[in-house]
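An overview of the molecular structure
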Amino acid sequence: MTGRILYTKPSITEVEIAYAADAARNGWGAHCYDYLYRFEEMFARHLGVKHAIATSSCTGALHMGLAALEIGPGDEVILADANWVASAAPITYLGAKPVFVDILPDSWCLDPDRVEAAITRNTRAILAVHLYGNLCEMDRLLEIGERHGLPVIEDAAEAIGSIYYGHRAGSIGRFGTFSLHGTKTITTGEGGVFVTDDSALYEHVLTLSNHGRARGQTRQFWADMIGFKYKMANIQAAIGCGQLERIDALIARKREIFNWYRDQLGTLPGIRLNPEPEGTTIGAWMPTAVFDAATRISRETLRSAFQAADIDARVFFHPLSSLPMFEPVRDNVVAWDIPERAINLPSYHDMSMEQLARVTDVVRKLIDDRVR
Ligand SMILES: *Cc1c(COP(=O)(O)O)cnc(C)c1O
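Concerning the overall build of the chain
A count of helical and extended segments in the chain gives 12 helices and 14 strands. For the chain, the C-alpha atoms occupy an extent of roughly 75 × 55 × 35 Å along the three principal directions. Looking at the chain residue by residue over its 372 residues, the buried ones come to 58%. Once the 37 positive and 46 negative side-chain charges of the chain are each reduced to a mean point, those two points are 3 Å apart.

What about unusual backbone geometry?
One non-glycine residue, Tyr132, lies in the positive phi region at around 60°. Within the fold, Tyr132 resides in the loop between β4 (123-129) and α6 (138-148). Backbone geometry at Asp310 places phi at a positive 60°, although glycine is not the residue there. As for its position among the elements, Asp310 is in the loop between α10 (299-308) and β13 (314-315). The class for Asp310 is partly exposed, based on a relative accessible area of 31%.

Here's the deal with the packing of helix α2 (residues 34-47) against helix α8 (residues 234-245)
For the pair α2 and α8, interaxial distance at closest approach is 8 Å and the crossing angle is 35°. Our pair here, α2 against α8, has a crossing hand that is left-handed. Listed contacts from α8 to Asp34, Tyr35, Leu36, Arg38, Phe39, Met42 and Phe43 of α2 are Asn234, Ala237, Ala238, Gly240, Cys241, Leu244 and Glu245.

Quick notes on the sheet that holds β13
The strand order across the open sheet formed by four strands is β10-β12-β14-β13, and the pairing between neighbours is antiparallel. Looking at strand neighbours, the two that pair on one side only are β10 (271-272) and β13, the edges of this open sheet. Sheet contacts for α10: β12 (288-291), β13 and β14 (342-344); angle to β14, the most-contacted strand, approximately 35°.

Topic: the sheet that holds strand β7 (residues 167-168)
In spatial order, the strands read β7-β6-β11; together these three strands make up an open sheet with antiparallel pairing. Across the chains shown, the open sheet's two edge strands, defined by having one partner strand only, are β7 and β11 (280-281). Sheet analysis places strand β6 (residues 163-164) next to β11, joined by two bridges and oriented antiparallel. Across the sheet, the residue bridging to Tyr164 is Thr280, located in β11.

Side note on the site of the ligand
Around the ligand, the structure places 13 residues, and the nearest of them are Thr59, Asp155, Glu158, Ser179 and Lys184. Thr59 places a side-chain nitrogen or oxygen 2.5 Å from an oxygen atom of the ligand. Alone, the ligand offers 380 Å² of accessible surface; in the complex the protein occludes 91% of this. Residue classes in the shell around the ligand are distributed as five nonpolar, five polar and three charged.

Side note on the packing of helix α1 (residues 14-26) against α8
At a closest axis distance of 8 Å, the pairing of α1 and α8 adopts a crossing angle of 155°. As far as their axial angle goes, α8 and α1 are roughly antiparallel. Crossing angle aside, the handedness with which α1 passes α8 is right-handed. Note on element contacts: α8 touches α1 through Asn234, Ile235, Ala238, Ile239, Cys241, Gly242, Gln243 and Glu245, opposite Val15, Glu16, Tyr19, Ala20, Ala23 and Ala24. Looking at the contact of α1 with α8 residue by residue, the classes come out as nine nonpolar, three polar and two charged.

Conventions and cut-offs
Residues numbered from 1 in each chain as written. Predicted model: local features only at pLDDT ≥ 70, side-chain atom pairs only at ≥ 80, totals over all residues. Heavy atoms only, no water. Helix = DSSP H or I, 4+ residues; strand = E, 2+ residues; numbered from the N terminus. Buried < 20%, exposed > 50% of the residue type's maximum accessible area, 1.4 Å probe, protein only. Lys, Arg positive; Asp, Glu negative; His and termini not counted. Charge placed at Lys NZ, Arg CZ, Asp CG, Glu CD. Axes fitted to C-alpha atoms, helices over the stretch in contact; angles between N-to-C directions. Left-handed = near helix turned anticlockwise from the far one by under 90°. Contact = heavy atoms within 4.5 Å. Pairing = 2+ DSSP bridges. Near = heavy atom within 4 Å. Polar contact = N/O pair within 3.5 Å; in protein donor to acceptor, adjacent residues only side chain to side chain. Areas by Shrake-Rupley, 256 points an atom, 1.4 Å probe, with all protein chains shown as cover. Nonpolar A, V, L, I, M, F, W, Y, C, P; charged D, E, K, R; others polar. Parallel < 35°, antiparallel > 145°, perpendicular 65-115°, else oblique.

Next comes the structure, spelled out in structure tokens:
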């Protein structure tokens, strides 16, 4: 079989199309928030949290949450060096400093010991990002946060469907954020969600999300503070309602694809996939293969092998501290090393068995050539 294999693509059915058409036809005037409120309610219920606010992006949700914690110039927020830039950017929007620490070699998420060592007088929060749907060690991070009086917050953009000892990722910290970008497990095209169990924090972010206009403010065109404009549109929320009706099936399919990769590749010598430790379930947003250094299979080897097979596999995130706008933190040896010998495997819901087999064939051939 031939044809390009994409690395992600949303799963859109007649349900989403019908809701979007209904929102375009009827979702105006008195009905302009109907899908939005329904989406927020459904998302909060899925996650098991009190409050959810739909936003235009995860970046915006994170920006508002950090602003509501009153993080500003001179403050520091600790996060892992292995990350997408969107987790660090909102910290800089507020004039605060992202402090990059190393990751654990198995989960590719925050190393709790490194977090504790990085705490200074200026630290204001610990940002736990569940990379590729893998779970951070939340118990240890919460314990460290508690001991130092610091909130732990979760960027769960990649962790829809991930569960840590019975609690869904994003529902565990002081607040959580999600992305509904077209590459993620569920989508509204662009979009995000802010969630929290803290009712005061919820009210604050709700006000921030609507240009600083407090709920219940009866004066027309009156703003109570400078806020942001990070709201989701009703028509996007309509698509989101369709996705949430199907969320269990969408997560199950991601896990099915991951399990197939794990069965086919996880037992080969010299290769490691996303871990799923005891007590956790991963949503498997992005199945990722890391090759042992001894295999000498590098990022470049992988990129050219997949390119030759017309498969859009993606490189592991570069360490954020290697980007030109930050100071390099060479001490983060794991975060700097793993991207040199890793690849994200395609995993969109509608992939066929033939396509999955084409992906595993590329990996198996590389391993055969190098290891056997
Ligand atoms: C995708 C992603 C974001 C950004 O989401 P947007 O909705 O594009 O703003 C933030 N953090 C992580 C971990 C992501 O994967």
